[in-house]
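Chain by chain, the residues run as shown.
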Amino acid sequence: MSNESTDEGDIETGETHEIRSSVEERYRKVFEHNNDAIMIVNFETESFVDVNPRACELLGYSREELLSMEPEDIHPDDIARVREEFISQVKTEGTGFTDDLTCLTKDGDEVPTEISGAALEPADGADAAADAEPKQMVAMLRDVSDRVRNRRQLEEKVERLDRFAGIVSHDLQNPLSIIQGHAELARQTGDVKHFDAIEDAADRMEEMLSELLQLTREGDLVHERTEVDLAAIAETVWTDCDMAPATLEIESSTTFQADRDRLYELFVNFFENARDHGGSSVTVRVGVLEGPEQNGFYVEDDGAGIPAEDRDDIFEWGHTTTGDGTGFGLAIVAEIAEAHGWEIGVGESANGGTRFEVTGIDS
């Protein structure tokens, strides 16, 4: 009987061993072929016990190199937080997770990751007591670069939409003022010519609102670029803004590629800024920048100019030096220029007024 019992025990032990081997093989395949980086970490020494091929691929190290390293080597900026928030959580609760961890690759690139971990029970043997503390953990790192990139693009898109809404709201004030002014003149004089100006301004408002709707669908500040004549667009804007008795002088002209509607808004804000700060009789000059490395145009006036100490702030949203200003005008100019890939600078004109230079324009 005893022999039979021993034989049955041997048979059971063999079956258990076979099952265990099968399970271990399955886990080994999951470890080796997982799309996430998996690393076995020793709690006490904070060293890597094992890493899978995806970990090597993600970080750019060989397996041998990683096994000679520590978590601090790949999380130099986050290691304190990793210890306090992640590793301690795994130790006390058995599992842990964080979705904000930066890994440093062998080439020095930073990879945003999320990491989940679990404590590993001690293997059979002296440390396998029921109350034994885990000595190792498994950490699984997932590259979330695409997610972070998409989130940033979405945030930028929302910011652009918000800014463009401010642009349209601000720039609607000009045609609205024209409508109000000519409506009053029509009421006083009965001259029907004022209705033409009102109609033109209303058409411009409708166009701007249509563009805002298009932007909310597409999310881009600059749309199709066409060839634009510098003198023609400046003169059109000047007339539409009803700038008299101010004077516009076109000193030279050129053609270049731009979103005509956005360029129109850029000049609206240039001219309104000149009138607001230089007075109703200000003279504005527009021309082409001269020089082999000066590919662009300038807009200058003979007003009071901008003090040198204020020039770094004039393109900031909300910055204004007038009591009734919105601080949007020149910020809009900078936004439109940047969306085209241009650069904008400010200085002093020959007459002591303000001179804006827009550069980096492809003809």
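Before going into details, it helps to say that this report is about the structure given with it.

What counts and how
- Here the residue index of a chain counts from 1 through its sequence in written order.
- Predicted model: local features are reported for residues with pLDDT of at least 70 only, side-chain atom pairs are reported and counted for 80 or more only, and whole-chain, interface and lining totals are derived from all residues.
- In computing side-chain values, all of the structure's heavy atoms are included and hydrogens and water are not.
- Strands are runs of DSSP state E lasting at least two residues, helices are runs of H or I lasting at least four, and both sets are numbered from the N terminus onward.
- Throughout this description, buried means an accessible area under 20% of the type-specific maximum (1.4 Å probe, protein chains only), exposed means over 50%, and partly exposed covers the range between.
- Here, two residues are considered to be in contact whenever any of their heavy atoms come within 4.5 Å of each other.
- In short, Shrake-Rupley with a 1.4 Å probe defines the accessible areas, and a residue's cover is counted only from the protein chains shown.
- Only the stretch in contact is used when a helix axis is fitted, and all axes are lines through C-alpha atoms; the angle between N-to-C directions ranges over 0 to 180 degrees.
- Every angle not falling under 35 degrees, over 145, or within 65 to 115 is termed oblique; those three ranges are roughly parallel, roughly antiparallel and roughly perpendicular.
- Working rule for handedness: look at the near helix, and if it is turned counterclockwise from the far one by less than a right angle, call the crossing left-handed; if clockwise, right-handed.
- Here the term charged refers only to Asp, Glu, Lys and Arg, the term nonpolar to Ala, Val, Leu, Ile, Met, Phe, Trp, Tyr, Cys and Pro, and the term polar to all other amino acids, Gly among them.
- Buriedness for pockets is judged along seven lines, at least five of which must meet protein on both sides within 12 Å for an open set on the 1 Å grid over protein atoms alone, while cavities are sets there where a 1.4 Å probe fits but cannot get out, and lining residues have an atom within 4 Å of a point.
- Grid points are joined across faces, edges and corners, and a volume is the space filled by probe spheres set on the points.
- A residue counts toward a patch only above 30% relative accessible area and without a salt bridge, and it is joined to like-charged neighbours within 9 Å or, for Val, Leu, Ile, Met, Phe, Trp and Tyr, to nonpolar neighbours within 5 Å.
- Here, a salt bridge means any Lys or Arg side-chain nitrogen found within 4 Å of an Asp or Glu carboxyl oxygen.
- When charges are counted, Lys and Arg contribute as positive and Asp and Glu as negative, whereas His and the chain ends are disregarded.
- In this description, the location of a charge corresponds to atom NZ of lysine, CZ of arginine, CG of aspartate or CD of glutamate.
- Here, a strand pair is defined by DSSP locating no fewer than two bridges between the strands.

Here we take up the overall build of the protein. Along the backbone of the protein there are 11 helices and 12 strands. Across the 363 residues of the protein, 38% fall into the buried class. When contacts within the protein are restricted to residue pairs at least 6 apart in sequence, those whose partners lie at least 24 apart make up 61%. For the protein, the exposed area adds up to about 20700 Å²; of that, 45% sits on carbon and sulfur atoms.

Packing of helix H9 (residues 230-240) against helix H10 (residues 260-278) brings their axes to within 9 Å, and their N-to-C directions diverge by 60 degrees. Considering their axes alone, H9 and H10 lie oblique with respect to each other. H10 is crossed by H9, and the crossing has right-handed handedness. Between H9, through Leu230, Ile233, Ala234, Thr236, Val237, Trp238 and Asp240, and H10, the contact on the second element is made entirely by Arg260, Leu263, Tyr264, Phe267, Val268 and Phe271. A per-class count over the contact of H9 with H10 returns 10 nonpolar, one polar and two charged.

Quick look at empty space enclosed by the protein now. A full pass over the atoms with the stated rule returns two cavities of 30 Å³ or more. In this model, the largest cavity occupies a volume close to 100 Å³. Taken together, Met39, Val41, Phe48, Pro71, His75, Val82, Phe86, Ile87, Ile115, Met137, Ala139 and Leu141 make up the full set of residues lining the largest cavity. Of all elements in the fold, only strand E1 (37-42), helix H5 (79-93) and strand E5 (136-143) reach the threshold of two or more residues within the lining of the largest cavity. Looking at the lining of the largest cavity residue by residue, the classes come out as 11 nonpolar, one polar and no charged.

There is a patch of like negative charges on the surface, built from Asp196, Glu199, Asp200, Asp203, Glu206 and Asp240. Among the elements that make up the negative patch, the one with the highest residue count is helix H8 (residues 193-218) (five residues). Position of Glu199 among the secondary structure elements: in helix H8.

The next thing to look at is the sheet that holds strand E9 (residues 283-288). Whether parallel or antiparallel, the strands of a sheet pair through hydrogen bonds between backbone atoms. In space, the five strands of this open sheet follow the order E7-E9-E10-E12-E11, with mixed pairing throughout. For this open sheet the edge positions go to strand E7 (247-250) and strand E11 (343-348), each flanked by a neighbour on one side alone. The mean inter-strand angle of the sheet, taken between neighbouring strand axes irrespective of direction, is 15 degrees. As paired strands, E11 and strand E12 (residues 354-359) are joined by six bridges and run antiparallel to one another. Each bridged residue has a counterpart across the sheet, and for Ile344 the counterpart in E12 is Val358. Packed on one face of the sheet, H10 meets E7, E9, strand E10 (296-301), E11 and E12 and runs near 25 degrees to E10.

Attention now moves to the packing of H10 against helix H11 (residues 329-340). In the contact formed by H10 and H11, the axes pass within 9 Å of each other and the chain directions differ by 150 degrees. It follows from the interaxial angle that H10 and H11 lie roughly antiparallel. By crossing handedness, the relation of H10 to H11 is classed as left-handed. Together, Arg262, Glu265, Leu266, Asn269, Phe270 and Asn273 of H10 and Gly329, Leu330, Ile332, Val333, Ile336, Ala337 and His340 of H11 make up the contact between the two elements.

For the rest of this paragraph, the subject is unusual backbone geometry. Of note, the amide linkage connecting Ala244 to Pro245 takes the cis form, showing an omega dihedral of 10 degrees. Relative to the assigned elements, Pro245 resides in the loop between H9 and E7. With phi around 50 degrees, Glu46 is a residue other than glycine that occupies positive phi space. In this fold, Glu46 is placed in the loop between E1 and strand E2 (47-51). For Asp242, which is not glycine, the phi torsion reads 55 degrees and is therefore positive. Inspection of the secondary structure assignment puts Asp242 in the loop between H9 and E7. Assessed through its relative accessible area of 41%, Asp242 is described here as partly exposed.

With that settled, the discussion passes to the environment of Leu58. Along the chain, Leu58 falls in helix H2 (residues 53-59). In sequence terms Leu58 and Asp143 are 85 residues apart; their C-alpha atoms lie 7.8 Å from each other. Every residue in contact with Leu58, bar those within four places of it in the chain, is listed here: Ala37, Thr105, Val111, Thr113 and Asp143.

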